[in-house]
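Each chain, written out:
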Amino acid sequence: MTDELFEILWLEFAEKERRAFLKSKRRYLHFDRKINFPSEVLKDKQKYLVEFSRRFKSDLKLDKCFGGSYYPFIRIILTSPRYKWSDAESRRILQIKPREICYASHFDALRYSWYSTILSYGYEKILGRSNYNEAVLAYRKLPGKPSNIDFAFKAFKEIKDFGNCVALAFDISKFFPTINHEVLYQSWITVLKEVYPNIDRLPKEHYKLFESLTCFQFVEKDVTDDLFAHNITSGKVNRLCTPREFRDFLRSTKAITSNPNFNKDRKLGGGIPQGSPVSAVLANISLINFDNELYQQVSDLGGRYYRYSDDILIISPIGEEFKLVSVVENLIQKINLSLNDKTDIIWFNNIEGTIVSTNADGNRKTLQYLGFETNGQNVYIRSSSFSRYHSKVRRLVNRAVNMAFGKHGVGSVVFKSKLLNRFTQKGNNNFIKYASRSAEGNRAIKLQYKNQYKNLSKVIERKSGLRSRTN
């Protein structure tokens, strides 16, 4: 890497970390100390750059930071409800989707973030020369900072412009836990050649990084919470445990687990931790050849190809759909990944000036993509998203009323404004605010949340009145 390129990437990296510190993204407890900067330094870009560079620049530039080993990740498993259509039951059924999130120790996160900056640079250089640059949507800094709203609406507009077409939606099964290590290794070299043109294997510092992410270790969060409860509850610690406690106590408990899909033969091994600062760009890198080949084949058939992380969308002329299903299945097997069982195929036909969307049986069905759905004419926020939203509203309103008027209530007032800020247009960062952003120029979405403020106010008042009269 030239000195000039290093300085460019260093400035980008330092600013990225400053924004992370300002948002308190790394305030969690881990096995090492938190990395702190005074607030007055973080708010002054120049002061921060000087201090950040003094503490970390020379070590990262000379790769000294790779002399030490990596701490295990701490893993949590998040669950999210998903409603999927069941042809057998002719209705949406609830499925619980688990998602494993691993977060790195503070200094490890810094190291991962630095190398993600390098790899992102190489990856964007490759995409900038490719035909499929606009097909890869997730985990990138794109001009104008488009969001899921922009991506979904662009795809739906193309469907409308096509008139008669078919949309195919695929989902890669267990993407992060099954990314093939040999495919990742070779793609990593391809990307790194943009920075180090003469390499034919990973340099030692990158190989050590590769090992830490393929043969990664982790400890479950509930285990660390139990083992180090005395430290956590004290509120005065800057880390979960001392280095000695980690060596002598944690390792002796056998609480540390290794990647269950790791294999010394890289062709047989798979999986990287989802949640590290470098995981997202590695996920994209692992699909470089897949994206290139699939884009070419879809384009040759007159279609459009988009991929957002593990969600694949293809829009093509009618008649090519089953050939494309076979193409996707073959290419995904080629990199040792697999698709979820159900592939959604939705036909869009212009019938007397109106676009109608149907499934294989000819029944009306919408296409779902990135939290939205379309019938070819109108775009809506996915109905299951509103179902989850309403369920959450009911649960928290009931809790607020119980806290005020229940048997163990602590007051006699429901904080209505707090609920309205959290669940209606009155707030600044909530689901309804997201809906209102996506509804610009879209009457169908506006109708979905039109009376939300009024309805929630009535519900709070009615339930508060009922409970207060019974006590």
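Quantities reported herein were computed from a predicted structural model and do not represent experimental measurements.

J.: Can you explain the pattern of salt bridges? Please cite residues and give values.
T.: Evaluated as defined, the whole model comprises 20 salt bridges. Between aspartate 108 and arginine 111 there is a salt bridge whose closest N-O contact spans 2.5 Å. Separated by three residues within a single helix, aspartate 108 and arginine 111 lie in helix 4 (residues 106–129), roughly one turn from each other. Aspartate 108 gets classed as buried once you look at its relative accessible area, which sits at 3%. For arginine 111, a relative accessible area of 2% gives the class buried. One salt bridge connects glutamate 134 with lysine 154, and the closest N-O pair in it is separated by 3.5 Å. Of this pair, glutamate 134 sits in the loop between helix 4 and helix 5 (148–162) while lysine 154 sits in helix 5, placing them 20 residues apart in sequence. Classification of lysine 154 as partly exposed rests on a relative accessible area of 38%. Taken together, the shared-partner salt bridges connect Glu15, Arg18 and Arg19 into one network.

J.: Can you break down helix 3 (residues 45–61) residue by residue, with the values?
T.: The α-helix winds at 3.6 residues per turn, so residues separated by three or four positions along the chain end up facing the same way. With 17 residues, helix 3 should cover 24 Å at 1.5 Å per step; its first-to-last C-alpha distance of 21 Å lies more than 12% under that length. The sharpest bend along helix 3 comes to roughly 50 degrees, located at serine 53. By the burial criterion, the buried members of helix 3 are Tyr48, Phe52, Ser53, Phe56 and Leu60. Structurally, the start of helix 3 carries an N-cap: the backbone nitrogen of glutamine 46 is 3.1 Å from a side-chain oxygen of aspartate 44.

J.: Lay out the packing of aromatic side chains in plain terms, naming residues and giving numbers.
T.: Considering all chains together, one arrives at 32 aromatic pairs under this definition. Centre to centre, the rings of tyrosine 185 and tyrosine 207 are 6.3 Å apart; their planes meet at 80 degrees, and the pair counts as edge-to-face. A residue pair is termed long-range when its members are at least 10 positions apart, and tyrosine 185 in helix 7 (residues 181–192) and tyrosine 207 in helix 8 (residues 204–214) qualify at 22 residues. With relative accessibility at 9%, the residue tyrosine 185 sits in the buried group.

J.: Tell me about a positive patch on the surface, and name the residues and values.
T.: Taken together, the side chains of Lys392, Arg395, Arg399, Lys418 and Arg422 define a basic patch exposed on the protein surface. Taken together, the elements giving at least two residues each to the positive patch come down to helix 15 (383–405) and helix 16 (416–423). Here lysine 418 falls in the exposed class, since its relative accessible area comes to 63%.

J.: Break down the sheet that holds strand 9 (residues 354–358) for me, with residues and values.
T.: Here five strands make up an open sheet; going across it, the order is 6-7-3-8-9 and the pairing antiparallel. Only two strands of the sheet have a single partner each, and these edge strands are strand 6 (304–308) and strand 9. Taking each pair of neighbouring strands and ignoring which way they run, the sheet shows an average axis angle of 15 degrees. Bridge analysis of strand 8 (residues 344–351) against strand 9 gives five bridges, and the strand direction is antiparallel. Looking at strand 9, one finds that asparagine 350 is bridged to isoleucine 355. Running at roughly 155 degrees to strand 6, helix 13 (residues 288–300) makes contact with strand 6 and strand 7 (311–316) of the sheet.

J.: How would you explain the sheet that holds strand 12 (residues 379–381) if you had to name every residue and give the values?
T.: Read across the open sheet, the three strands follow the order 10-11-12; overall the sheet is antiparallel. With partners counted over all chains shown, the strands left at the sheet margins are strand 10 (367–369) and strand 12, one partner each. Taking the axes of each pair of neighbouring strands and ignoring which way they run, one obtains an average angle of 30 degrees across the sheet. In this sheet, strand 12 lies alongside strand 11 (residues 372–374) in antiparallel orientation, the contact comprising three bridges. Following the sheet pairing, threonine 374 is matched in strand 12 by valine 379. This element, helix 5, spans strand 10, strand 11 and strand 12 of the sheet and lies at about 10 degrees to strand 11.

J.: Tell me what's going on with the confidence of the model for the chain, and back it up with residues and numbers.
T.: Low pLDDT marks stretches whose predicted atomic positions should not be read closely. For the chain, the average pLDDT comes to 86, and 90% of its residues sit at 70 or higher. The element-level mean pLDDT for the chain is lowest in helix 19 (residues 452–470), coming to 67, with helix 12 (residues 279–285) highest at 97.

J.: Run through the side chain of asparagine 284, naming residues and quoting values.
T.: Within the secondary structure layout, asparagine 284 lies in helix 12. Those residues in contact with asparagine 284 that sit more than four places away from it in its chain are Tyr123, Val136, Ala138, Tyr139, Arg140 and Arg307.

J.: Describe unusual backbone geometry, and please don't skip the residues or the numbers.
T.: Notably, lysine 145 is not glycine yet its phi reads approximately 50 degrees, a positive angle. Its place among the elements puts lysine 145 in the loop between helix 4 and helix 5. Unusually for a residue other than glycine, asparagine 336 sits at a positive phi of about 60 degrees. Among the secondary structure elements, asparagine 336 is positioned in the loop between helix 14 (321–334) and strand 8.

Procedures and definitions
Residues numbered from 1 in each chain as written. Predicted model: local features only at pLDDT ≥ 70, side-chain atom pairs only at ≥ 80, totals over all residues. Heavy atoms only, no water. Salt bridge = Lys/Arg side-chain N within 4 Å of Asp/Glu carboxyl O. Helix = DSSP H or I, 4+ residues; strand = E, 2+ residues; numbered from the N terminus. Buried < 20%, exposed > 50% of the residue type's maximum accessible area, 1.4 Å probe, protein only. Expected span 1.5 Å × (residues − 1). Bend = angle between axes of the 7 residues up to and from the residue. Polar contact = N/O pair within 3.5 Å; in protein donor to acceptor, adjacent residues only side chain to side chain. Phe/Tyr/Trp six-rings, centres within 6.5 Å; stacked < 30°, edge-to-face > 60°. Patch = residues over 30% accessible without salt bridge, like charges linked within 9 Å, V, L, I, M, F, W, Y side chains within 5 Å. Areas by Shrake-Rupley, 256 points an atom, 1.4 Å probe, with all protein chains shown as cover. Lys, Arg positive; Asp, Glu negative; His and termini not counted. Charge placed at Lys NZ, Arg CZ, Asp CG, Glu CD. Pairing = 2+ DSSP bridges. Axes fitted to C-alpha atoms, helices over the stretch in contact; angles between N-to-C directions. Contact = heavy atoms within 4.5 Å. pLDDT = per-residue confidence, 0-100.

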